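Summary of structural features
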Amino acid sequence: MTKNEITERCRWARDHNESHPSQRWPMGEQLAVALVLRDRSWLDSTNHTTETATDLVCEQAGLSVFEFTGWLNDIRAALESE
């Protein structure tokens, strides 16, 4: 799971699914998109807290918790610059 992949998933969610992840994606990608787009209702629907979602995304993306905030901010910046 890379920044570019999640950025594209976020674009799709924003443009085609009211800024919600697709249930067809792997759970890690769903959670990453929900975290980037600050979709608390999606996280709640998956029974994940921000913390458990962050842990899973970090594990799948090969990130440390310290790198995660920068990763999120980079994706958000890319989306905001459009």
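Before reading further, recall that the structure is shown in the block above.
Residues numbered from 1 in each chain as written. Predicted model: local features only at pLDDT ≥ 70, side-chain atom pairs only at ≥ 80, totals over all residues. Heavy atoms only, no water.

1. Considering the packing of helix 2 (residues 27-36) against helix 4 (residues 50-61)
The geometry of helix 2 relative to helix 4 is characterised by a closest axis approach of 9 Å and an angle of 120 degrees between their N-to-C directions. Here helix 4 runs oblique to helix 2, going by the angle between their axes. Crossing hand, helix 2 versus helix 4: left-handed. Contacts between helix 2 and helix 4 pair Met 27, Gly 28, Leu 31, Ala 32 and Leu 35 from the former with Thr 50, Ala 53, Thr 54, Leu 56, Val 57 and Gln 60 from the latter. Looking at the contact of helix 2 with helix 4, its residues break down into seven nonpolar, four polar and no charged. (Axes fitted to C-alpha atoms, helices over the stretch in contact; angles between N-to-C directions. Helix = DSSP H or I, 4+ residues; strand = E, 2+ residues; numbered from the N terminus. Parallel < 35°, antiparallel > 145°, perpendicular 65-115°, else oblique. Left-handed = near helix turned anticlockwise from the far one by under 90°. Contact = heavy atoms within 4.5 Å. Nonpolar A, V, L, I, M, F, W, Y, C, P; charged D, E, K, R; others polar.)

2. Focus: the state of the cysteines
Evaluated as defined, the whole model comprises zero disulfides. Take Cys 10: it sits in no disulfide, and the sulfur closest to it among the cysteines is that of Cys 58, at 15 Å. With relative accessibility at 0%, the residue Cys 10 sits in the buried group. In this structure Cys 58 comes out as buried when scored by relative accessible area, which is 5%. (Disulfide = S-S within 2.5 Å. Buried < 20%, exposed > 50% of the residue type's maximum accessible area, 1.4 Å probe, protein only.)

3. Points about unusual backbone geometry
For Arg 38, which is not glycine, the phi dihedral falls at a positive 55 degrees. Along the chain, Arg 38 falls in the loop between helix 2 and helix 3 (40-45). The exposed category is assigned to Arg 38, whose relative accessible area is 59%. In this structure, Asn 47 takes a positive phi of about 60 degrees despite not being glycine. Residue Asn 47 is classed as exposed on the basis of its relative accessible area, which comes to 72%.

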